[in-house]
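# Inside the fold
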Amino acid sequence: MQRLATPTELRDWCEARRREGRRIGFVPTMGYLHRGHMSLVELVGRHADEVVVSIFVNPRQFGDGEDLARYPRDLEGDEVKCRQAGVGALFVPPVQQMYPKGFQTRVKVSDLTQGLCGARRPGHFEGVCTVVAKLLNIVGPCVAVFGQKDYQQLLAIRRMTVDLNLPVEVLGAPTVRDPDGLAVSSRNVHLSADQRGSAKCLSGALRQVQEQVREGELSVRVARETASSVIAQQAGTRIDYLEIRDAETLVQLDQIRPGGTLVALAVFVGGTRLIDNILI
Ligand code: AMP
């Protein structure tokens, strides 16, 4: 496995592989790799001949007062995991390589990023789309995979690749969960044992809504009440948002439409903000 630090090194590496007729699979991450990330590596490996993973904690997608400074890092551990998974190149650029002096370009996907996390984290998706556009541009033609856990991000990136004619096939990967339902996340490391117990209320609330829909209850109001009460039962939790939206356009719905509805939530468990969602 090659460890690369500059955009030029990564571009050259990818171009050399493509000249050999090999297809590149790409997994962008912020590191502190867990089973969720590794499932993306595994998935993209089935669609490509060479896998590239990037690790970049992108300062531009964190707002003031967010957790950039305490975002967990373990580059050595990440490197071992990538090597074991057969990754061909690990791209770990310093911040100055991605944002050299004078940098002033932004990529903004408009409608899809307005609600949900976009409303709660101003500038977040501009930061995400800008860095992902740069990374995809450096890697070049490839298949890239993003997790459905960050569903709004997946939709925004899909839209961006179409709108900007990027030569990239975007795949979505299912959310990997712990046995009790909690979506695996780098941020779970911040949870105390008690908070870890409370955190399963996110997936619990989503499952309960899914169950109600199975029984024929399609009211968005009822679904919101159900999910809120499941979360309220856990000490130390605070709902940041709880939304039920069209799974393609993300417009708000009054009635759940089975087959095309996203239920998404963000919840603070102590000081840690966790997100989860389910497609119904
Ligand atoms: P991050 O390092 O949090 O920026 O995540 C990098 C990629 O991994 C994104 O595409 C995420 O959606 C994806 N991801 C994070 N957690 C999970 C999970 N539990 N299951 C599947 N994919 C995930």
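Structure first, text after, so check above.
Anyway, here's the lowdown on the structure attached to this text. Quantities reported herein were computed from a predicted structural model and do not represent experimental measurements. (Residues numbered from 1 in each chain as written. Predicted model: local features only at pLDDT ≥ 70, side-chain atom pairs only at ≥ 80, totals over all residues. Heavy atoms only, no water.)

Attention shifts here to the nonpolar core. Counting 46 residues, the largest nonpolar core has Leu136 and Met160 as the members making the most contacts within it. Looking at which element gives the most residues to this core, the answer is helix H6 (residues 124-139), with 10 residues. With residues up to four places along the chain from it excluded, the contact list for Leu136 reads Phe26, Cys142, Ala144, Met160, Thr161, Leu166 and Val168. (Core = buried A, V, L, I, M, F, W, Y, C linked by side-chain atoms within 4.5 Å. Buried < 20%, exposed > 50% of the residue type's maximum accessible area, 1.4 Å probe, protein only. Helix = DSSP H or I, 4+ residues; strand = E, 2+ residues; numbered from the N terminus. Contact = heavy atoms within 4.5 Å.)

Another point: helix H7 (residues 151-163). Its 13 residues place the ends of H7 18 Å apart at the C-alpha level, agreeing with the 18 Å of an ideal helix rising 1.5 Å per residue. Every buried residue of H7 is accounted for by Tyr151, Gln152, Gln153, Leu154, Leu155, Ala156, Ile157, Met160 and Thr161. Residues of H7 that are buried make contact with helix H5 (116-120), H6, strand S5 (142-147), strand S6 (168-173), strand S8 (261-269) and strand S9 (272-279). Trailing H7 by a residue or two, Asn165 shows a phi angle of about 55°, which is positive. (Expected span 1.5 Å × (residues − 1).)

Turning to its location among the elements, Gln255 is positioned in the loop between strand S7 (237-246) and S8. Beyond its immediate sequence surroundings of up to four residues, Gln255 is in contact with Leu218, Ser219 and Val220.

Here the focus is the layout of surface pockets. Roughly 210 Å³ of volume is contained in the second largest pocket. Lining the second largest pocket are 16 residues, with Ile55, Phe56, Val57, Arg73 and Val92 positioned closest to its centre. For the lining of the second largest pocket, a count of residues per class yields 12 nonpolar, 1 polar and 3 charged. (1 Å grid on protein atoms, 1.4 Å probe; cavity = no way out; pocket = protein on both sides within 12 Å on 5 of 7 lines; lining within 4 Å. Points joined across faces, edges and corners; volume = space filled by probe spheres on them. Nonpolar A, V, L, I, M, F, W, Y, C, P; charged D, E, K, R; others polar.)

Moving on to the site of the ligand. Around the ligand sit 17 residues in total, of which His37, Gly147, Asp150, Val176 and Val184 are the nearest. Note that an oxygen atom of the ligand is positioned 2.9 Å from one of the backbone N or O atoms of Met30. Isolated, the ligand exposes 480 Å² of accessible area, and the fraction of that covered by the protein chains is 93%. At the level of secondary structure, the elements contributing two or more residues to the shell around the ligand comprise strand S2 (24-29), helix H2 (35-45) and S5. Ranked by residue count, the leading element in the shell around the ligand is H2, at 3 residues. Residues belonging to the shell around the ligand are distributed by class as follows: 8 nonpolar, 7 polar and 2 charged. (Near = heavy atom within 4 Å. Polar contact = N/O pair within 3.5 Å; in protein donor to acceptor, adjacent residues only side chain to side chain. Areas by Shrake-Rupley, 256 points an atom, 1.4 Å probe, with all protein chains shown as cover.)

A few words now on the pattern of salt bridges. Taken as a whole and judged by the stated rule, the model has 20 salt bridges. Two residues, Arg121 and Glu66, come together in a salt bridge whose shortest N-O distance is 2.7 Å. Pair noted here: Arg121 is in the loop between H5 and H6 and Glu66 is in the loop between strand S3 (50-55) and helix H3 (75-84), with a separation of 55 residues, a long-range link. Given the relative accessible area of 10%, Arg121 is considered buried. Taking the shortest distance from any N to any O, the salt bridge between Asp276 and Arg177 comes out at 2.8 Å. With Asp276 in strand S9 and Arg177 in the loop between S6 and helix H8 (193-198), this residue pair connects regions lying 99 residues apart in the sequence. Residue classification places Asp276 among the buried positions, given a relative accessible area of 3%. Exposure remark for Arg177: the relative accessible area of 28% places this residue in the partly exposed category. One salt-bridge network, held together by shared partners, links Arg35, Asp178, Asp180 and Arg196. (Salt bridge = Lys/Arg side-chain N within 4 Å of Asp/Glu carboxyl O.)

Here we take up the sheet that holds S7. Spatially, 3 strands are ordered S7-S8-S9 in an open sheet, and the strand pairing comes out antiparallel. Of all the strands in the sheet, just S7 and S9 have a single pairing partner and so form its edges. Put simply, the sheet's adjacent strands are angled 15° from each other on average, direction ignored. Of the strand pairs in this sheet, S8 and S9 are connected by 8 bridges, and their pairing is antiparallel. Within the sheet, the bridge partner assigned to Ala266 lies in S9 and is Ile275. Each of S7, S8 and S9 is contacted by helix H9 (residues 201-214), which is oriented at about 20° to S9, the strand it contacts most. (Pairing = 2+ DSSP bridges. Axes fitted to C-alpha atoms, helices over the stretch in contact; angles between N-to-C directions.)

Our focus in this paragraph is the sheet that holds strand S1 (residues 2-4). Spatial strand order, S1-S4-S3-S2-S5-S6: 6 strands in an open sheet with parallel pairing. Each edge of the open sheet carries a strand with a single partner, namely S1 and S6. Along the sheet, successive strands turn relative to each other by an average axial angle of 25°, direction set aside. The pairing of S2 with S3 spans 6 bridges and is parallel. Residue Thr29 lies in a different strand from S3, and its bridge partner there is Ile55. Running over the sheet, helix H1 (residues 7-19) touches S1, S2, S3 and strand S4 (89-91) and is turned about 170° from S3. The strands touched by H6 are S2, S3, S4, S5 and S6; relative to S2, the strand with the most contacts, the crossing angle is about 155°.

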